[in-house]
Structure formats: C-alpha cells, structure tokens
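The lines below spell out each chain.
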Amino acid sequence: MNDKTMTLSEAAQLLAAPGSDPHEAEVLLAEAIESGTLHASVKRWATEQWEGRLLPGNINRRETFIEPAELQAWLARRRS
C-alpha cells in the first residue's frame, strides 16, 4: 500500500481515547467495513491463523488498509 494509507490498527489508534485500549475502535471500524459503510482494502485471517482478539469478519487488523479520506468521509457520515 502507499504511504498515505493506514492499517485498521493505526486508524483505530487515531479514534481511541488517549490511554485506552483501541480494540473497541478496531471493532467499530471492522463492523463499518463489513457493513459496506467504510471502504478498505481487506485481508482476512484463515481460521488457523487467528491471533489476538478477533474482529468481525476475521479481518486482519495489520493487513487491512484504509485511505485517510475514506476514514474522514465515514466519520463525517457518522456525525450527521
């Protein structure tokens, strides 16, 4: 991916409150991706590859990429 994209994990860290666990934000982003309201380049875990806490749709938090503009548009839609 190019240097303008961020991983789902990085995007979640931007959304999470300082000092909090970003897992809730990861789940929120994964749910938005699964519902089609947030566009991302998605990579999924195979069942035997799971690591850590799972996300909806078996989304791989480190290999799923989101464009900053897509994230901003999604956030704007959520606010309205």
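Note that the structure is predicted; figures quoted are calculated from it, not measured.

Draft legend 1. Structural view of the nonpolar core. By size, the foremost hydrophobic cluster in this structure holds 18 residues, and its most contacted members are Leu8, Leu29, Ile33, Leu38, Ile66, Leu71 and Trp74. Within the residue set of this core, elements represented by two or more residues are α1 (8-15), α2 (23-35) and α3 (68-79). Among the elements that make up this core, the one with the highest residue count is α2 (six residues). Non-local contacts of leucine 8, meaning those with residues more than four positions away in its chain, are made with Glu26, Leu29, Ala30, Ile33, Leu55, Ile59, Arg61, Thr64 and Ile66.

Draft legend 2. Summary view of the side chain of serine 9. Locating serine 9 in the fold gives a position in helix α1. With a relative accessible area of 14%, serine 9 lands in the buried category. Apart from residues lying up to four places away in sequence, serine 9 is in contact with Glu26 and Arg61.

The rules behind the values
Residues numbered from 1 in each chain as written. Predicted model: local features only at pLDDT ≥ 70, side-chain atom pairs only at ≥ 80, totals over all residues. Heavy atoms only, no water. Core = buried A, V, L, I, M, F, W, Y, C linked by side-chain atoms within 4.5 Å. Buried < 20%, exposed > 50% of the residue type's maximum accessible area, 1.4 Å probe, protein only. Helix = DSSP H or I, 4+ residues; strand = E, 2+ residues; numbered from the N terminus. Contact = heavy atoms within 4.5 Å.

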